[in-house]
Amino acid sequence: MSRHDEVAAGLASVRGRIEAACAAAGRDRDEVTLVVVTKYFPASDVRILADLGVTHVGENRHQEAAAKAEETADLPLVRHFIGGLQSNKAAAVASYSQVVESVDRPKLLGPLGTGAARAGRPLDVLLQVSLDPPDREGRAGADPADLPGLARSVEAAGGLRLRGLMAVAPLGEDPAAAFGRLAEVRRDLLDDHPSADWLSAGMSGDLEQAIQAGATHVRVGSAVLGSRPQVQ
Ligand SMILES: *Cc1c(COP(=O)(O)O)cnc(C)c1O
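What comes next is a walk through the structure. Nothing here was measured: the structure is a model prediction, and the numbers come from that model.

**Some remarks on the site of the ligand**
The local shell around the ligand consists of Val-37, Lys-39, Asn-60, Ile-82, Met-203, Ser-204, Arg-219, Val-220, Gly-221, Ser-222 and Arg-228. Between the ligand and Ser-204, the relevant distance is 2.5 Å, taken from an oxygen atom to a side-chain nitrogen or oxygen of the residue. The fraction of the free accessible surface of the ligand (380 Å²) that becomes covered by protein chains is 87%. Of all the cavities here, the one that holds the ligand is the second largest pocket. Considered class by class, the residues forming the shell around the ligand number 4 nonpolar, 4 polar and 3 charged.

Written as structure tokens, this is what we have:
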């Protein structure tokens, strides 16, 4: 099987899962955007995805993301940055991404705004919220209690558009339960910021539970592209 056929098969299967999950949740298929996570996979795969009609791609490491964005700059893709962000890289990330999903602290906002201004367009921002217990090691994302302040800071910052929330289900917990908590956090945010209605949740293993809980964006890597190479 050619790589093109392999990716086409993975994509068809994931599109079928999204369609079935929307039907099961009583939602319109158009409410859910597939973001294919291309981390560790080559730019040639990004090209295949675009050829197959994919319009949103995600990356989680700045250097790799920047290189691939340059190699595929001719493609009409919306690029999402979904990884941990260092404040000294945030301006650069904002210059080649249209959406940054992993904003979890105020320190990132100035540099992100600078990068957006350099690119000459506003940047769509999602706040990453942690669904882990507060004492979990390696916890990524803001504490739900810190979201109202962070959301206000995004709205006050120049060049940034607050679009909603992003989260990853904790390991070892039923994703449906975790996404249920996320849906509550989202309701609170929407009370104060009605236009921040994007919810990025769900990956290869739990996209159905995320769509049930209201996800508008699912971030899927391995179910489309296969298992990631272990060594880079
Ligand atoms: C890698 C990654 C994904 C995709 O994971 P798969 O299990 O391969 O679908 C989604 N979200 C984030 C934040 C990731 O880092």
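Structure's up, so let's keep going.
**Section: the side chain of Asp-132**
Within the fold, Asp-132 resides in the loop between strand E5 (123-128) and helix H6 (147-156). Judged by relative accessible area, Asp-132 falls into the buried class, the value being 17%. Apart from residues lying up to four places away in sequence, Asp-132 is in contact with Arg-139 and Pro-170.

**Section: unusual backbone geometry**
What is expected of a backbone is that most residues other than glycine have negative phi and most peptide bonds are trans. For Tyr-40, which is not glycine, the phi dihedral falls at a positive 75 degrees. By the element assignment, Tyr-40 lies in the loop between strand E1 (33-37) and helix H2 (43-51).

**Considerations on the environment of Leu-190**
Structurally, the position occupied by Leu-190 is in helix H7 (residues 175-192). In this structure Leu-190 comes out as partly exposed when scored by relative accessible area, which is 23%. A C-alpha to C-alpha distance of 8.4 Å links Leu-190 and Gly-164, two positions 26 residues apart in sequence.

**Observations concerning the layout of surface pockets**
Empty space within the largest pocket amounts to approximately 350 Å³. Each residue belonging to the lining of the largest pocket can be placed in one class, and the counts come to 10 nonpolar, 3 polar and 6 charged. Each pocket or cavity is described by its volume, and for the second largest pocket that value is around 230 Å³. Lining of the second largest pocket is provided by 17 residues; of these, Val-37, Lys-39, Ile-82, Met-203 and Arg-219 occupy positions nearest its centre. Classifying every residue of the lining of the second largest pocket gives 6 nonpolar, 8 polar and 3 charged.

**Examining the pattern of salt bridges**
Overall, the coordinates contain 12 salt bridges when judged by the stated rule. For the salt bridge of Glu-64 with Lys-68, the shortest nitrogen-to-oxygen distance reads 2.7 Å. Of the two residues, Glu-64 and Lys-68 both sit in helix H3 (residues 62-71), 4 residues apart, roughly one turn of that helix. For the pair formed by Glu-64 and Lys-68, the shared burial category is buried. With a closest N to O distance of 2.8 Å, Arg-161 and Asp-124 form a salt bridge.

Criteria and thresholds
- Residues numbered from 1 in each chain as written.
- Predicted model: local features only at pLDDT ≥ 70, side-chain atom pairs only at ≥ 80, totals over all residues.
- Heavy atoms only, no water.
- Near = heavy atom within 4 Å.
- Polar contact = N/O pair within 3.5 Å; in protein donor to acceptor, adjacent residues only side chain to side chain.
- Areas by Shrake-Rupley, 256 points an atom, 1.4 Å probe, with all protein chains shown as cover.
- 1 Å grid on protein atoms, 1.4 Å probe; cavity = no way out; pocket = protein on both sides within 12 Å on 5 of 7 lines; lining within 4 Å.
- Sits in = over half its atoms within 2 Å of the grid points.
- Nonpolar A, V, L, I, M, F, W, Y, C, P; charged D, E, K, R; others polar.
- Helix = DSSP H or I, 4+ residues; strand = E, 2+ residues; numbered from the N terminus.
- Buried < 20%, exposed > 50% of the residue type's maximum accessible area, 1.4 Å probe, protein only.
- Contact = heavy atoms within 4.5 Å.
- Points joined across faces, edges and corners; volume = space filled by probe spheres on them.
- Salt bridge = Lys/Arg side-chain N within 4 Å of Asp/Glu carboxyl O.

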